[in-house]
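Structural overview for review
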Amino acid sequence: MTALTAKVTEPVPPPPPDARAPKRRGIELTLLVGAVLISVLGYLSVGLATTGRIPRPAAHHAAGLAGAALLAHLAVRLRAPYADPLLLPIAALLNGLGLVLIQRLDLSTPGEPAAGDQLRWSALGVVLFVLVVFVLRDHRVLQRYAYLSVTAALALMLVPVFFPAVNGAHIWIRFAGLSFQPGEFAKILLAVFFAAYLAANRTALALTGRLLFWKLRLLPGRVLGPILAIWLLSVGLLVLERDLGTSLLFFGLFVIMLFTATGRIGWIAIGLLLAALGAYAVGTFEPHVHSRVEDWLNPFASIERGEGPGQLAQSLFAFGAGGLLGAGLGHGQSFLIGFAAKSDFVLATAGEELGFVGLTAILLLYGLLVSRGFRAGLALRDPFGRLLATGLASIVALQVFVIAGGVTGLIPLTGMAMPFLAQGGSSVVTNWIIVALLVRLSDSARRPEPQEALA
């Protein structure tokens, strides 16, 4: 009996790491091959539909996409072998589809080519993805640079104020024929600061303060003051620049990360109330935003006045013309939207030429990318990593909601770029950096603990 008891109570040795946490790099490579093939087939379909022949640089285009995907895959295989196998293929597919849609619109607007620039920015984004994966071996290192990050973020948002406005907003830096949107990089730096500060003060945020009503506590100024001041300053700069889409993004990021750190749903309610009050005030007193609200409330007003359809009306017409299966790549008319067809309204081209089915597939890809980011955050053991993964995934989710809601008439337009899909060099580079950070975070989340720690 004693021997039996000893056998039962004997500790079971932990399973080998590979059995508990498979690396799945083969799955990632297979999905990357599929992503590249889909993108190349889309490129060929656009050429055949618009010119009747296969584009001459098709082989170079395919080789460039395959080379970039392989380079990124090798970086993950060597430096982040336990990373989530879906993150990189989803980003590659969305970026590839974006290049296809921009090339398709270029063929209808030959005087305004953008696909070449977008391809070069995408290549830079992949290079930075590789650098982040190689250089950043432990995401917790970023926690040391919280205040440096927020200082750099505020500086990046302040610089465009001194440059001329573009389309009514001071968000661009134009120099020597190049354009750069610093606010895109500021959102990553602010996510790092929010995560670091909230992780260091999570106990005080969750437990201290005076109870107001239900489960909502009024936090002491010494705890909430610094982060609230940084957020108000960043949003104030963006309002000064008339970049209200990014202002909404930062506000949503602040509320989501505060809720994640404290676990108190009251912050969501307060965030929604403040967002509604701010939207009403800005939409009423700021002429540029007020005109967008008017267009949202009555998108066909310009047609009734005999001025022709505006951008939102053309976008709605494009979605309606697409139907269930779409008109086919190269057969739509969404280029009639004008200069914003490749940026703000690129989703309308996808809806018209790929239909409801294709549009749903694209939105599901975004949803899967965000969910894998949240999943990495839930699996991480350190508070900073959990908050950073949540913040980065929330940035993508908020952008998709704001942009898709705007072009479909759900909410007023805000003038942001769809991640990976729309024209915008700063945007595509930033989103590749976000994916690189999520790859690093997911690798830390899935990596098995050393045997001596488990013994």
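This section reports on the structure supplied with the text. (Residues numbered from 1 in each chain as written. Predicted model: local features only at pLDDT ≥ 70, side-chain atom pairs only at ≥ 80, totals over all residues. Heavy atoms only, no water.)

Moving on, we get to the nonpolar core. In this structure, Phe129, Leu392, Met418, Leu421 and Val439 are the most contacted members of the largest nonpolar core, which totals 112 residues. Top contributing element to this core by residue count: helix α17 (residues 383-407), with 14 residues. Contacts of Leu421, omitting those with residues within four sequence positions, involve Leu94, Leu97, Gly98, Leu101, Ile102, Val346, Leu347, Ile362 and Tyr366. (Core = buried A, V, L, I, M, F, W, Y, C linked by side-chain atoms within 4.5 Å. Buried < 20%, exposed > 50% of the residue type's maximum accessible area, 1.4 Å probe, protein only. Helix = DSSP H or I, 4+ residues; strand = E, 2+ residues; numbered from the N terminus. Contact = heavy atoms within 4.5 Å.)

On to the environment of Ala389, then. When you line up the elements, Ala389 lands in helix α17. Taking the C-alpha atoms as reference points, Ala389 and Leu378, separated by 11 residues in sequence, lie 8.6 Å from one another. Contact partners of Ala389, with chain neighbours within four places excluded, come to Gly373, Gly377, Leu438 and Leu441.

So, on to the pattern of salt bridges. One side chain can pair with another of opposite charge once the charged atoms of both are near each other. If you walk through the whole model with that rule in mind, you get 10 salt bridges. Here Asp84 ties to Arg372 by a salt bridge, and the two come within 2.7 Å at their closest N and O atoms. In this pair, Asp84 sits in the loop between α4 (58-79) and α5 (87-108) while Arg372 sits in helix α16 (residues 346-379), placing the two residues 288 residues apart along the sequence. Accessibility expressed as a relative area gives 4% for Asp84, which makes it buried. Between Arg120 and Asp117 there is a salt bridge, and its shortest N-O distance comes to 2.6 Å. (Salt bridge = Lys/Arg side-chain N within 4 Å of Asp/Glu carboxyl O.)

With 19 residues, helix α11 (residues 244-262) extends 27 Å from end C-alpha to end C-alpha; this agrees with the ideal 27 Å at 1.5 Å per step. Just downstream of α11 lies Gly263, where phi reads positive at about 70°. (Expected span 1.5 Å × (residues − 1).)

At a minimum axis separation of 9 Å, α4 and helix α6 (residues 115-135) run at an interaxial angle of 5°. Here α4 lies roughly parallel to α6, going by the angle between them. Residues Ala68, Leu71, Ala72, Ala75, Val76, Leu78 and Arg79 of α4 lie in contact with α6, whose contacting residues are Val126, Phe129, Val130, Val133 and Phe134. Classifying every residue of the contact of α4 with α6 by side-chain character gives 11 nonpolar, no polar and 1 charged. (Axes fitted to C-alpha atoms, helices over the stretch in contact; angles between N-to-C directions. Parallel < 35°, antiparallel > 145°, perpendicular 65-115°, else oblique. Nonpolar A, V, L, I, M, F, W, Y, C, P; charged D, E, K, R; others polar.)

Moving on to the packing of aromatic side chains. Counting across every chain of the model gives 7 aromatic pairs. Note on Phe129 and Trp432: the rings are 5.6 Å apart at their centroids and 75° apart in plane angle, and the pair reads as edge-to-face. Taken together, the positions of Phe129 in helix α6 and Trp432 in helix α18 (residues 425-446) put the pair 303 residues apart, joining distant regions of the chain. Side by side, Phe129 and Trp432 carry an identical accessibility label, which is buried. Cluster of aromatic residues (ring-pair linked, three or more members): Tyr147, Phe193, Phe194, Tyr197 and Phe254. (Phe/Tyr/Trp six-rings, centres within 6.5 Å; stacked < 30°, edge-to-face > 60°.)

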